[in-house]
Amino acid sequence: MDYKKSKAPVNTVTRDLPKLWEETGNIYETVAIIAKRANQISVEIKQDLNKKLAEFASYNDSLEEVFENREQIEISRYYEKLPKPTLLATEEYLEHNIYWRDPAKEREEEDF
């Protein structure tokens, strides 16, 4: 997923809390859903970054090589400028792009 194309803000945003929990009916459940998705996004971003930085890995570092690695610095800056995973996950939740379910509620509905 290209996170740079996301509509998520880069800065902190004040949210309308009732809008966040209207789908679940519980703010804590909503926060748990967003937190789990944020962890998934964080892992994806970290894997992408590590894969790109692995191309520049050298096992015999010299002082000259450290200063010449401009491409590695640009890649790191790109990832630093991305929105934080929590903001990306919150935006996905608000756009209804996160699939979630509660097995306990499903069992309760089956019992009726």
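Residues numbered from 1 in each chain as written. Predicted model: local features only at pLDDT ≥ 70, side-chain atom pairs only at ≥ 80, totals over all residues. Heavy atoms only, no water.

**Q** Got a sec to walk through the pattern of salt bridges? Specific residues and values, please.
**A** A full pass over the atoms with the stated rule returns four salt bridges. Among the ionic pairs, Arg15 bridges to Glu91, the shortest N-O distance being 3.9 Å. Taken together, the residues Arg15 in the segment before helix H1 (17-21) and Glu91 in helix H5 (residues 85-94) connect sequence positions 76 residues apart. Take Arg15: its relative accessible area is 24%, and that puts it in the partly exposed class. Here Arg77 and Glu74 are joined by a salt bridge, their closest N and O atoms 3.6 Å apart. Of this pair, Arg77 and Glu74 both sit in helix H4 (residues 70-81), three residues apart, which is roughly one turn of that helix. A relative accessible area of 44% means that Arg77 is categorised as partly exposed. (Salt bridge = Lys/Arg side-chain N within 4 Å of Asp/Glu carboxyl O. Helix = DSSP H or I, 4+ residues; strand = E, 2+ residues; numbered from the N terminus. Buried < 20%, exposed > 50% of the residue type's maximum accessible area, 1.4 Å probe, protein only.)

**Q** Give me the packing of aromatic side chains: which residues, what numbers.
**A** Given two aromatic rings, their pairing is described by the distance between the two centres and the angle made by the two planes. In this structure the tally under the stated criterion is one aromatic pair. Measuring from ring centre to ring centre gives 5.2 Å for Tyr78 and Tyr79, while their planes differ by 90 degrees; the resulting arrangement is edge-to-face. The class of Tyr78 is partly exposed, set by a relative accessible area of 31%. (Phe/Tyr/Trp six-rings, centres within 6.5 Å; stacked < 30°, edge-to-face > 60°.)

**Q** Tell me about the side chain of Arg37, and please be specific about residues and values.
**A** Within the secondary structure, Arg37 sits in helix H2 (residues 27-54). The buried category is assigned to Arg37, whose relative accessible area is 16%.

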